[in-house]
Amino acid sequence: MLFLVNTYSNNNNKSFSFSFLALPLAEVSWDKDGELITTESAFRIDYYGDGKATLNIPESLLDDQGYYTCTARNILGTCRTTARLVVKCMFLK
């Protein structure tokens, strides 16, 4: 499996995009600091049939900073990649 990592930022919106090549097709999961991110979370998780998975954080807060891991798993093995999100607060006077 091959992973490519992209991170996008638009104001407070953050997006992690991971592209992978896996045959046979892989199951993909996301976690933050080791805790599984489910579809019930405030984050939006998208999977595409072309081997792309995205995690969108609509408004990043201090609690959102941490390590985000995308894991792809199929019968041949497991591959994962991790990216760190750092949230900086700016105080305006």
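Residues numbered from 1 in each chain as written. Predicted model: local features only at pLDDT ≥ 70, side-chain atom pairs only at ≥ 80, totals over all residues. Heavy atoms only, no water.

Quick look at the overall build of the protein chain
Cut-off, in case you're wondering: Here a helix means four or more residues in a row that DSSP labels H or I, a strand means two or more in a row labelled E, and each is numbered from the N terminus. Residue burial is assigned from relative accessible area. The probe radius is 1.4 Å, only protein chains are included, and a residue is buried under 20% of its type maximum, exposed over 50%, and partly exposed in between. With residues, only the protein chains shown are counted as cover, and all accessible areas are computed by Shrake-Rupley using a 1.4 Å probe.
Looking only at helices and strands, the protein chain has 0 helices and 8 strands in total. Taken from the N to the C terminus, the helices and strands of the protein chain come in the order β-β-β-β-β-β-β-β. The buried share among the 93 residues of the protein chain stands at 39%. Looking at the protein chain as shown, the accessible area adds up to about 6500 Å², and 54% of this sits on carbon and sulfur atoms.

Some thoughts on the pairing of strand β7 (residues 66-74)
What counts, and what does not: A pair of strands is labelled paired if DSSP reports no fewer than 2 bridges between them.
Here β7 lies mainly inside the structure; 7 of its 9 residues are buried. Here strand β3 (residues 27-32) pairs with β7 via 6 bridges, running antiparallel. Note on β7: the bridge partner recorded for Glu 27 is Arg 73. With 9 bridges joining them, β7 and strand β8 (residues 77-85) adopt antiparallel strand pairing. Paired with Tyr 68 across the strands is Ala 83, a residue of β8. A loop of 2 residues connects β7 with β8, the two strands running antiparallel in sequence.

Some thoughts on the sheet that holds β7
The strand order β4-β3-β7-β8 describes an open sheet built from 4 strands, whose pairing is antiparallel. Of all strands in the sheet, those bounded by a partner on one side alone are β4 (35-36) and β8. Across 2 bridges, the pairing between β3 and β4 is antiparallel. Within the sheet, the bridge partner assigned to Lys 32 lies in β4 and is Glu 35.

As for the environment of Ala 42
The residue Ala 42 is located in the loop between β4 and β5 (44-48) in this model. For Ala 42, a relative accessible area of 65% puts it in the exposed group.

Some details on the layout of surface pockets
The condition that has to hold: Only protein atoms enter the 1 Å grid used here. Points where a 1.4 Å probe fits but cannot escape make up a cavity, open sets with protein on both sides within 12 Å along at least five of seven lines make up a pocket, and a residue lines them when an atom lies within 4 Å of a point. Grid points are joined across faces, edges and corners, and a volume is the space filled by probe spheres set on the points. Ten residue types, Ala, Val, Leu, Ile, Met, Phe, Trp, Tyr, Cys and Pro, are classed as nonpolar, four, Asp, Glu, Lys and Arg, as charged, and the remainder, Gly among them, as polar.
In this structure, the second largest pocket encloses a volume near 160 Å³. Of the residues assigned to the lining of the second largest pocket, the class counts are 9 nonpolar, 2 polar and 1 charged.

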